[in-house]
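# Structural features, examined
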Amino acid sequence: MEKIYTGKTKDVYKLENGNVLLKFKDDCTGKDGVFDPGENTVGLTIEGIGKANLKSSVYYFELLKKAGIKTHYVSADLENATMEVLPGKVFGHGLEVICRLVATGSFIRRYGEYIENGTPLAGGYVECTFKNDEKGDPLVTAEGLAALGVMSMEMFNSMKEQTLKITKVVADDLKSIGLDLWDIKFEFGYNNGEVILIDEIASGNMRVYKDGKIVDPVELTKLINER
């Protein structure tokens, strides 16, 4: 088994069968010992968080499988905190896809003169950003992705359709335990001619509220896993 990438919260290995193994770690992004999924450096270690994040990811990947939505997920070993996945080529140097159900965060910072914080976005609003810390993860349009040769309009439309479907599955599930999903971030890749969801479905990539108050990502993971 060959290590091909060392990440902040996961290590990546190439398997002999051509698939990829993700090893979830207890390292978390944060600053000054405080957990913050928005930070770009490892700030602390929380014992057991790797297995907990894997468990919640597997839960949602299995839900998507039942819903007929293909992803890179193959199988998982919770005891060893590993997940086997299909190989997926990232778009460009990394592309994040955000689905917003409620206007908040950077959306309000950009468009606050037109819309109030907490306003529902009917049907969901999908936007993309390039993964580039130095440039602040710049926004990019579907037309921009096509013009830059990152992906075709057909690929984008497939990715957008999947994003809306996946978001609904996650939002409906969270609603069943009294939680409201405001927005969620995904990554997609290209595998055998198909655009599919890759990476993980993690609480740190969601903004979730309960009774009008935002839920801490670590607490959210517990709520998902211990229902």
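These remarks concern the structure in this document. (Residues numbered from 1 in each chain as written. Predicted model: local features only at pLDDT ≥ 70, side-chain atom pairs only at ≥ 80, totals over all residues. Heavy atoms only, no water.)

Okay, the pattern of salt bridges next. Summed over all chains, the structure comprises 16 salt bridges. For the salt bridge of lysine 10 with glutamate 200, the shortest nitrogen-to-oxygen distance reads 2.8 Å. Note that lysine 10 is positioned in strand S2 (residues 10-14) and glutamate 200 in the loop between strand S14 (194-198) and strand S15 (206-210), a separation of 190 residues in sequence. Summarising the burial analysis for this pair, lysine 10 and glutamate 200 share the class buried. In this structure, arginine 110 engages glutamate 127 in a salt bridge whose closest nitrogen and oxygen atoms are separated by 2.7 Å. Taken together, the residues arginine 110 in helix H2 (residues 106-111) and glutamate 127 in strand S11 (residues 120-130) connect sequence positions 17 residues apart. A single salt-bridge network, built from bridges that share partners, covers Arg100, Arg110, Glu127, Asp183 and Arg207. (Salt bridge = Lys/Arg side-chain N within 4 Å of Asp/Glu carboxyl O. Helix = DSSP H or I, 4+ residues; strand = E, 2+ residues; numbered from the N terminus. Buried < 20%, exposed > 50% of the residue type's maximum accessible area, 1.4 Å probe, protein only.)

A few words on the sheet that holds strand S3 (residues 20-24). Spatially, the five strands line up as an open sheet ordered S1-S2-S3-S8-S7, and their pairing is antiparallel. If you trace the sheet from one side to the other, it starts and ends with strand S1 (2-6) and strand S7 (73-77), each paired once. Between one strand axis and the next, the sheet turns through 25° on average, direction left out of account. Sheet topology places S7 next to strand S8 (residues 82-85); four bridges connect them, and they run antiparallel. Bridging across to S8, aspartate 77 finds its partner in threonine 82. The strands that helix H1 (residues 49-66) touches are S3, S7 and S8; relative to S7, the one it contacts most, it runs at about 145°. (Pairing = 2+ DSSP bridges. Axes fitted to C-alpha atoms, helices over the stretch in contact; angles between N-to-C directions. Contact = heavy atoms within 4.5 Å.)

Attention now moves to the packing of aromatic side chains. Any pair of aromatic rings gets described here by the distance separating the centres and the angle formed by the planes. Tallied over the full model, the rule gives seven aromatic pairs. Measuring from centroid to centroid gives 5.1 Å for tyrosine 59 and tyrosine 60, while their planes differ by 75°, and the two rings are edge-to-face. Residue tyrosine 59 is classed as partly exposed on the basis of its relative accessible area of 27%. According to the relative accessible area criterion, tyrosine 60 is buried, its value standing at 0%. Look at phenylalanine 61 and tyrosine 73: their rings are 5.5 Å apart centre to centre, the planes differ by 0°, and that puts the pair in the stacked class. (Phe/Tyr/Trp six-rings, centres within 6.5 Å; stacked < 30°, edge-to-face > 60°.)

Helix length check: helix H4 (residues 153-175) (23 residues) gives 32 Å between terminal C-alpha atoms against 33 Å at 1.5 Å per residue, within 8%. When we look at burial in H4, the residues that qualify are Phe156, Met159, Gln162, Thr163, Ile166, Thr167, Val169, Val170, Ala171, Asp173 and Leu174. (Expected span 1.5 Å × (residues − 1).)

So, on to helix H5 (residues 217-225). Of all the residues in H5, the buried ones are Pro217, Leu220, Thr221, Ile224 and Asn225. Angular distribution of buried residues about the axis of H5 spans 125°; they occupy a single face of the element. The backbone nitrogen of valine 218 lies 2.9 Å from a side-chain oxygen of the residue at the head of H5, namely aspartate 216. (Arc of directions from axis to C-beta. Polar contact = N/O pair within 3.5 Å; in protein donor to acceptor, adjacent residues only side chain to side chain.)

As a further point, take the side chain of aspartate 183. You can see aspartate 183 is positioned in strand S13 (residues 180-191). Taking the relative accessible area as the measure of exposure, aspartate 183 reaches 6% and is therefore buried.

Below, the discussion takes up the nonpolar core. Leu174 and Met206 are the most contacted members of the largest nonpolar core, which has 46 residues in total. With seven residues, H4 is the single largest residue contributor to this core. Apart from the residues lying within four places of it in its own chain, the contact partners of methionine 206 are Tyr60, Val170, Leu174, Leu181, Asp183, Ile184, Ile201 and Leu220. In terms of nonpolar packing, the next biggest core, distinct from the first, is built from five residues, Ala103, Phe107, Ile115 and Leu121 among them. (Core = buried A, V, L, I, M, F, W, Y, C linked by side-chain atoms within 4.5 Å.)

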